[in-house]
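In case you want the letters, here they are:
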Amino acid sequence: MTSVKCAVRVRPFSPKEVGDKTKNIIEMDGPTTTITDPSWFERKKTLDAMTAEDTEYLYKKSFTFDHSFWSFNNNDENFSSQENIFEHLGTFVLDNALKAFNCSIFAYGQTGSGKSYSMMGTGGDMSQSILSEQRGLIPRICEALFNRVDNSNNDDNKTKNNSIGDINEKETFSTAAT
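Residues numbered from 1 in each chain as written. Predicted model: local features only at pLDDT ≥ 70, side-chain atom pairs only at ≥ 80, totals over all residues. Heavy atoms only, no water.

**Quick word on the layout of surface pockets**
Here is step 1: For the second largest pocket, the calculated volume is near 220 Å³.
Here is step 2: Forming the boundary of the second largest pocket are 14 residues, of which M28, G30, S68, W70 and N78 lie nearest the centre.
Here is step 3: Residue assignment for the lining of the second largest pocket shows that the elements contributing at least two residues are β2 (26-29), β5 (67-70) and α4 (82-97).
Here is step 4: The leading source of residues in the lining of the second largest pocket is β5, at four residues.
Here is step 5: Class assignment for the residues of the lining of the second largest pocket results in three nonpolar, seven polar and four charged. (1 Å grid on protein atoms, 1.4 Å probe; cavity = no way out; pocket = protein on both sides within 12 Å on 5 of 7 lines; lining within 4 Å. Points joined across faces, edges and corners; volume = space filled by probe spheres on them. Helix = DSSP H or I, 4+ residues; strand = E, 2+ residues; numbered from the N terminus. Nonpolar A, V, L, I, M, F, W, Y, C, P; charged D, E, K, R; others polar.)

**Structural notes on helix α6 (residues 137-151)**
Here is step 1: Compared with an ideal rise of 1.5 Å per residue, which puts 15 residues at 21 Å, α6 spans 21 Å between its outermost C-alpha atoms and is within 8% of the ideal.
Here is step 2: Those residues of α6 lying buried are L137, I138, R140, I141, C142, A144 and V149. (Expected span 1.5 Å × (residues − 1). Buried < 20%, exposed > 50% of the residue type's maximum accessible area, 1.4 Å probe, protein only.)

**Observations regarding the packing of α4 against α6**
Here is step 1: The interhelical angle for the contact between α4 and α6, taken along N-to-C directions, is 50°, at an axis separation of 9 Å. By the criterion of interaxial angle, the relationship of α4 to α6 is oblique. Both α4 and α6 take part in a crossing whose hand is right-handed. Every residue of α6 that contacts α4 at Q82, E83, I85, F86, G90, L94 and D95 is listed here: L137, R140, I141, A144, L145 and R148. (Axes fitted to C-alpha atoms, helices over the stretch in contact; angles between N-to-C directions. Parallel < 35°, antiparallel > 145°, perpendicular 65-115°, else oblique. Left-handed = near helix turned anticlockwise from the far one by under 90°. Contact = heavy atoms within 4.5 Å.)

None of this, on its own, says anything about what the molecule does.
Right, here's the structure in full:
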């Protein structure tokens, strides 16, 4: 077991990207994510089929992660739901936290890349109730943590403490509860 896991997730196109007829440049196969240089699609049009097949690799770069989650199209057989991501990442964090290891999970990416949705499960106003299947990693981890503590056979006094921090370029939000 490694102490650090790295995962990548691809979100669906935004309405603007659909309207702009943006091309999908990401492919995933197991833990490998391949990115195609967008210039390839125009270049390919100028080449005969054999030359295109022989040179396509020059326009692609592959990266291997612990997990590559395909959330681009929910009708795809390889679609990764919020539950699937929790099963692969959230349970790892939870299991290690319950073994008294310090654990962190964070999302990194540009604005609009799906970090808040992956972590919290919201695509908008956080004050609205979130559908159960749309909950992100944080609500799922918290619920599972408290369920496991409540269901444990240990009758010792229990202290429950969690904290959530959200740091971005505009504001910092932090809560703590015991």
